[in-house]
Amino acid sequence: MNIAFIRLNPDDKVIDHFEQINDEAFPVSERMSFDEIFTFASDTDTDVLGIYDGKDPIGFAVLLKNKECGYIYFLAIDHHVRSKGYGSAAIQKLLEVYSDLQLVLDFEVIDETAGNNAQRIRRKNFYLRNGFHETGSYTMLRDDRFEVVCSGGELRKAALRDLLCIIHTHRPEFPDVLI
């Protein structure tokens, strides 16, 4: 496994492949198309990264940054290669490349009544195994709560709030709420 990040742009020939990964990985209510991602990135300090194993595109990450935090807005691995260590390798590479920032991400809260609760538990455990820790904070999307985890020390709440405000300015359906 030879994980590398390549900055993506709208003219890349493989964008359709990343769009397919995006469509499979995220529900419509949480997803942005790559056209929307690139528009957002052009107005903000956002890195849009293709995740490659050698020359093979296997996933992507979208990271919104400020001086203190990097909010992993999207991270997805192609379903054909999931459960083969690529997600962990990509996270470790992100932690290495962005070692000067506290990395933050969020995911659906564990909810025993949710139809996908087993998936939620696996997702949380994955991030906890790969260098993130619980913060006791949550974000909101419409009526859904998302648990916030981060790397490094105590969550830099003010820096994260600034990033959430940027997202909300560009995508009002994503509230700038941190609880």
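This text gives an overview of the structure that appears in the document. (Residues numbered from 1 in each chain as written. Predicted model: local features only at pLDDT ≥ 70, side-chain atom pairs only at ≥ 80, totals over all residues. Heavy atoms only, no water.)

By size, the foremost hydrophobic cluster in this structure holds 34 residues, and its most contacted members are Phe34, Phe60 and Tyr73. Every element with two or more residues in this core is listed here: helix 1 (15-25), helix 2 (34-43), strand 2 (46-53), strand 3 (56-65), strand 4 (69-77), strand 7 (144-150) and helix 5 (157-170). Setting aside residues up to four positions removed in sequence, Tyr73 forms contacts with Met32, Phe40, Val62, Ile167, Arg171 and Phe174. Ile58, Ile77, Leu101 and Leu103 belong to the second largest nonpolar core, which has 26 residues in total. (Core = buried A, V, L, I, M, F, W, Y, C linked by side-chain atoms within 4.5 Å. Buried < 20%, exposed > 50% of the residue type's maximum accessible area, 1.4 Å probe, protein only. Helix = DSSP H or I, 4+ residues; strand = E, 2+ residues; numbered from the N terminus. Contact = heavy atoms within 4.5 Å.)

Considering the arrangement of structural elements, one finds Thr139 in strand 6 (residues 133-141). In this structure the side chain of Thr139 is engaged in a polar contact, spanning 2.5 Å, whose partner is the side chain of Asp106. (Polar contact = N/O pair within 3.5 Å; in protein donor to acceptor, adjacent residues only side chain to side chain.)

Before going further, it helps to examine helix 2. Buried residues of helix 2: Phe34, Ile37, Phe38, Phe40 and Ala41, and no others. Within helix 2, the buried residues cover an arc of 160° as seen down the axis, which keeps them to one side. More than 90 degrees from the buried face of helix 2, the exposed residues found are Asp35, Ser42 and Asp43. Tucked inside the fold, the buried residues of helix 2 contact helix 1, strand 2, strand 3, strand 4 and helix 5. (Arc of directions from axis to C-beta.)

A few words now on the sheet that holds strand 1 (residues 3-7). As summarised here, the arrangement of the 7 strands in space is 1-2-3-4-5-7-6, forming an open sheet in which the pairing is mixed. For this open sheet the edge positions go to strand 1 and strand 6, each flanked by a neighbour on one side alone. Each neighbouring strand pair of the sheet contributes to a mean axis angle of 35°, computed without reference to strand direction. Two strands pair when backbone bridges link them, and strand 2 and strand 3 are joined in this way by 8 bridges, in the antiparallel orientation. The residue bridging Val48 from the neighbouring strand is Val62, located in strand 3. The strands that helix 4 (residues 117-129) touches are strand 4, strand 5 (102-108), strand 6 and strand 7; relative to strand 5, the one it contacts most, it runs at about 170°. Relative to the sheet, helix 5 contacts strand 3, strand 4, strand 5, strand 6 and strand 7, its axis offset from that of strand 4 by approximately 60°. (Pairing = 2+ DSSP bridges. Axes fitted to C-alpha atoms, helices over the stretch in contact; angles between N-to-C directions.)

With that out of the way, let us pick up unusual backbone geometry. Within the chain, Ser83 stands out as a residue other than glycine whose phi angle is a positive 65°. Note that Ser83 resides in the loop between strand 4 and helix 3 (86-97). Using a relative accessible area of 82% as the deciding quantity, one classes Ser83 as exposed.

Attention now moves to the environment of Thr44. Assignment of secondary structure puts Thr44 in the loop between helix 2 and strand 2. Between the C-alpha atom of Thr44 and that of Val62, which follows or precedes it by 18 residues, the distance is 12 Å. Apart from the residues within four sequence positions on either side, Thr44 is in contact with Leu64, Ile166 and His170. From its side chain, Thr44 meets the backbone oxygen of Phe40 in a polar contact 2.8 Å long.

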